[in-house]
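Chain by chain, the residues:
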Amino acid sequence: MPHRLLWAFVILFTATALAQSAPEVTQTETDDYTRYELLSPDSASFAIRYEVTATAPGAKYYFNTIRKGSIASQESVLDVSTGEPLRFEIVPGKEAVKDPLMKHEDASIDYIKVYLARPVPADGQGRILILKTYKDPKSYYREGDTIVFNRSLSIPRNSVVLPAGYELTACNVPSQVLTGADGRIAISFLNSSGAEAPLIVKAKPGAQTGPTAALRAPGSGKSWEAPFEGETEQERLSERAHQDREIVYFLEQPETHAFRLYHDYTETRPGADKYFNVVRKGSQVSAPSAYILDTGEKLDTKIMTASELAAAKLDAGEPVVDPSAQVVVIPFAAVKAGQNVRIRISETYTAPESYRLDADTLVFDRSLGRARNAVVLPEGWYLAASSIPATVWQMPDSRIRLDFWNGSPDPLDVLVKAKRRAH
């Protein structure tokens, strides 16, 4: 075989092998949250507020399905970080699947194709808000004087707002029940199962309307029933499913007492230009880093003590009693009115009391306060015990991940134990 032909064959073979071994990239998303506002019962319609974050690196578009059986109208799309409108169009499935990220999706349905404000940065995100109205008599209908919202929901965080003047009479999925400033009643829930939640909500006329329907603004009083100082009434009555702070712990080998973690935080206050992370007593922080998820911009970080913070006249936003307590300070450009910034903060904590080796058993014992928390076991360990219910799955690198989603405002006192694998 001539050398030129041989080299052509080698190049073709290598390119084919690389193509076959390269992981396939598909559309991915995170932080999904849907709010359904039920409109007049006779309309069989509901307004949808869908918050979603595109995460496929380099993606220029995001495709949102239009559910079969629903007639969509009044669509609009916003970039969450800036509040600016985004271009979009309705495309048939056969057009959507031409995008490499969508080639395995359903070609028989229509999609809202959103043109993102910027390509999704590596390890970053593109946050969007889709507003639309659906008419779907099979999902929203009357049974006598009762209205029924009967819909399987695949999104993991949801809320349903009743029409004004309707009281909740039934809800089959455990949910928070809240009253908005306008007096309308809503149910809200988290679903970490990975399966659809077969939600059925029923309501009847009977609730108050107008100014008297609203609750008194929740105060800062704490529950007298709690055996310890509990959450304030305001914290207890905030919508848990809509909270967007989450944290993931990556446990190092237990002999080190160390775990890496990242947590995401969205700053919405106009003029805010710093984030303060007060390190919990019993933990030592090292190697902090941070970047803006929307753009990939790297941010500076600095570890200070509470006394240094006070000397610099910086307010951490919460009382820090111990002057030696560590605080990670992250400055960023001041937030403009109508905009916000989402930051991912990474740190390594060393906490001998929280994370240790007990004989041959790994022990992770820590109170987790976020609505969404995850713990990843170190390489070579299998799960032996978890005191708090969690969803469990094995990551591609064989490590075990536990997801603790907490719909309650109270922290979870998580106790996890693990053993070394036999091979």
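The structure under discussion appears in the preceding block.
These notes cover the structure that comes with them. Predicted model, so just to flag it, every value in this text is computed and none were measured.

1. So, the layout of surface pockets
By volume, the second largest pocket is sized at about 1,000 Å³. The wall of the second largest pocket is formed by 38 residues, among which Thr30, Glu246, Tyr262, Trp393 and Arg401 lie closest to the centre. Of all the secondary-structure elements, those providing two or more residues to the lining of the second largest pocket are strand S1 (29-38), strand S15 (246-251), strand S16 (258-267), strand S18 (284-292), strand S22 (341-350), strand S25 (372-376), strand S27 (391-394) and strand S28 (400-405). Per element, the largest residue contribution to the lining of the second largest pocket is four residues, and it comes from S15. Its residues assigned to classes, the lining of the second largest pocket comprises 16 nonpolar, twelve polar and ten charged.

2. Some details on the packing of aromatic side chains
Counting across every chain of the model gives 14 aromatic pairs. With a centroid separation of 5.4 Å and 50 degrees between ring planes, the pair formed by tyrosine 36 and phenylalanine 149 is classed as tilted. With a gap of 113 residues between them, tyrosine 36 in strand S1 and phenylalanine 149 in strand S9 (residues 146-153) connect regions that are remote in the sequence. Given a relative accessible area of 6%, tyrosine 36 falls into the buried group.

3. Some words on empty space enclosed by the protein
The full count for this structure, using the stated rule, is one cavity of 30 Å³ or more. One number sums up the size of the largest cavity: a volume of about 40 Å³. If you go around the largest cavity, the residues you meet are Asp79, Leu86, Leu116, Ala117, Arg118, Gly126, Arg127 and Ile128. The residue makeup of the lining of the largest cavity, split by class, is four nonpolar, one polar and three charged.

4. Focus on the sheet that holds strand S26 (residues 381-386)
Ordered in space as S23-S24-S29-S26, the four strands form an open sheet in which the pairing is antiparallel. Edge positions in the open sheet fall to strand S23 (355-358) and S26, since each of these has one partner strand only. Each adjacent strand pair in this sheet contributes to an overall mean axis angle of 30 degrees, direction not counted. Across five bridges, the pairing between S26 and strand S29 (residues 412-420) is antiparallel. Of the residues in S29, the one forming a bridge with leucine 383 is alanine 418.

5. Quick word on the nonpolar core
In terms of nonpolar packing, the biggest core is built from 37 residues, with Leu38, Phe46, Tyr62, Val114, Ile128, Phe149 and Leu199 touching the most fellow members. Element by element, the count of residues in this core is highest for strand S2 (residues 45-54), at five residues. Leave out the neighbours within four places in its chain, and phenylalanine 149 touches Tyr36, Leu38, Phe46, Ser139, Tyr140, Val160, Leu199, Ile200 and Val201. In terms of nonpolar packing, the next biggest core, distinct from the first, is built from 35 residues, Val335, Tyr355, Leu377 and Leu412 among them.

Cut-offs applied
Residues numbered from 1 in each chain as written. Predicted model: local features only at pLDDT ≥ 70, side-chain atom pairs only at ≥ 80, totals over all residues. Heavy atoms only, no water. 1 Å grid on protein atoms, 1.4 Å probe; cavity = no way out; pocket = protein on both sides within 12 Å on 5 of 7 lines; lining within 4 Å. Points joined across faces, edges and corners; volume = space filled by probe spheres on them. Helix = DSSP H or I, 4+ residues; strand = E, 2+ residues; numbered from the N terminus. Nonpolar A, V, L, I, M, F, W, Y, C, P; charged D, E, K, R; others polar. Phe/Tyr/Trp six-rings, centres within 6.5 Å; stacked < 30°, edge-to-face > 60°. Buried < 20%, exposed > 50% of the residue type's maximum accessible area, 1.4 Å probe, protein only. Pairing = 2+ DSSP bridges. Axes fitted to C-alpha atoms, helices over the stretch in contact; angles between N-to-C directions. Core = buried A, V, L, I, M, F, W, Y, C linked by side-chain atoms within 4.5 Å. Contact = heavy atoms within 4.5 Å.

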